Amino acid sequence: MASISILKGREKQIYQKGSQDFDMSCEKKSLAGSISQRACVFCGSRVVLYPIADALHLIHGPIGCASYTWDIRGSLSSGPQLHRMSFSTDLQEKDIIFGGEKKLTNALDTLIDKYKPKAAFVYATCIVGLIGDDIDAICKKMSEEKGIPVLPVHSEGFKGTKKDGYKAACDAMANIVGTGEIENVSPLSINIMGEFNIAGEAWVIRDYYERMGLEVVSVFTGDGRVENIKRSHGAAINVVQCSGSMMHLAQHMQEKYGIPYIRVSYFGIEDMSKALYDVAEHFQDTNPEIMQRTQALVREEVKKIYPVLKQYKRKLQGKKAAIYVGGAFKAFSMVKALRTVGMDVALVGSQTGTKEDYEVLRDMCDDGTVIVDDANPVELSKYCIEKGVSLFVGGVKERPMAFKLGIGFCDHNHERKLSLAGYSGMINFAKEVYASVSSPVWKFAPNRKA
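The sections below set out a description of the structure shown in this document.

Cut-offs and rules
- Residues numbered from 1 in each chain as written.
- Predicted model: local features only at pLDDT ≥ 70, side-chain atom pairs only at ≥ 80, totals over all residues.
- Heavy atoms only, no water.
- Pairing = 2+ DSSP bridges.
- Helix = DSSP H or I, 4+ residues; strand = E, 2+ residues; numbered from the N terminus.
- Axes fitted to C-alpha atoms, helices over the stretch in contact; angles between N-to-C directions.
- Core = buried A, V, L, I, M, F, W, Y, C linked by side-chain atoms within 4.5 Å.
- Buried < 20%, exposed > 50% of the residue type's maximum accessible area, 1.4 Å probe, protein only.
- Contact = heavy atoms within 4.5 Å.
- Phe/Tyr/Trp six-rings, centres within 6.5 Å; stacked < 30°, edge-to-face > 60°.

Right, let's get into the sheet that holds strand β10 (residues 320–325). Read from one edge to the other, the open sheet built from 6 strands follows the order β1-β12-β11-β10-β13-β14, with strand pairing classed as mixed. The open sheet is flanked by β1 (14–16) and β14 (408–411), the only strands paired with a single partner. Averaged over all pairs of adjacent strands, the angle between strand axes in this sheet comes to 15°, irrespective of strand direction. In this sheet, strand β12 (residues 370–373) lies alongside β1 in antiparallel orientation, the contact comprising 3 bridges. Each residue of the ladder has a partner; that of Gln16, found in β12, is Val370.

Bringing the nonpolar core into the picture now. Core analysis: the largest hydrophobic core is formed by 66 residues, its most contacted members being Ile190, Tyr209, Tyr266 and Phe429. The element that contributes the greatest number of residues to this core is helix α11 (residues 290–316), accounting for 8 residues. Every residue in contact with Phe429, bar those within four places of it in the chain, is listed here: Phe267, Met334, Ala337, Leu338, Cys410 and Leu420. Ranked by size, the runner-up nonpolar core spans 39 residues in total, among them Leu49, Ala55, Tyr68 and Met246.

A word on the packing of aromatic side chains. A complete count under the given rule lists 10 aromatic pairs for this structure. Considering the side-chain rings of Phe87 and Tyr115, the 5.2 Å spacing of their centres and the 55° angle between planes classify their relative orientation as tilted. Taken together, the residues span a long stretch of sequence, with Phe87 in strand β3 (residues 87–88) and Tyr115 in helix α3 (residues 101–115) at a distance of 28 residues. Overall, the relative accessible area of 11% leaves Phe87 in the buried class. On the basis of relative accessibility, which here comes to 26%, the residue Tyr115 falls in the partly exposed class.

By themselves, these are just geometric observations and shouldn't be taken as functional.
So this is what it looks like as structure tokens:
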């Protein structure tokens, strides 16, 4: 098969280790015509905020944006289910010409009275940014009338990238952080940040920390509650997993409330253990026994899963994988986890990585590995074919591409229904990877080399 060419303007965002000097360009708007895999600002804000289960989520804009609902993300709640309902002001041509402020006011008035939420988030979409509806004034007015926080989310899709949506969501939450009572918060307490409880993963992580003797004040935002977010400034430390989505809020809380933060990952044996040890080390002066409890926890969990992982490693040894995820920090853990099961990484990329992130990837990857920022389907297809990969780890947008190329697929994005975090999640990951890579269906795919 002839080599697939890439767009000339994309050359600086692709790097192959060992064949060129490292000078990657990133954190820029997608190249016109490249059909980027990125999502818009509105999408980024929804990813962060919608798992808050007892809040009202109202999309101010045309009905099409409201198709982005709980059901394509799947964040679970142990109680309220209000976040699973999608509400929209459904702006029509007349509203766009004459303004949609009255429609927004009426919608908030009706929905708050009916559903009695603890807070309401109002998402501005592209058209709202163009016609100039003053959602700040409306939210302030409704908050005074209804007695709950009504928070504008400036998530107009055209303003930037998905990463800008994360910031818009953090700005909205910052308005309620610090408004709750913290007298009963333990000195051994944390906030879990950047965990969205996909397939119940926040419950797994919470259990580890509680077994260490820690109080989890709030989860941002999986299985989230408004009252817990209000009192989250009482925690001793913020533990940030998805740093792209939550770093802005963690930095805000450090500046305003003096709460330090650390970056962690809950995927794979190495990074899951390191996350627990890093948190234990922070509290060791306050509670010397916490490190012993953590070591016992890690030994117990690894002992249960390691023999099983060794079996999968024998079966997957030497096969090649491609990774394309939202945040580069997640990609670090993916590289390590795939090595744990014996696979080599031939391609790795992200939607929102920084130059520093890609430097880390360069150092941890083998020669010949392709590193790509803000990829498009043509580029991903090109390198998957040329490198002869057997597995693609990505999200729902990459799944059809992988299957068309005859490549096994593992969903590691927010659409999945299988828990992949923690020690039990590593077993689930290995099982899914093996089942997909070894499926007999691939022998019928013309592009499959192995």
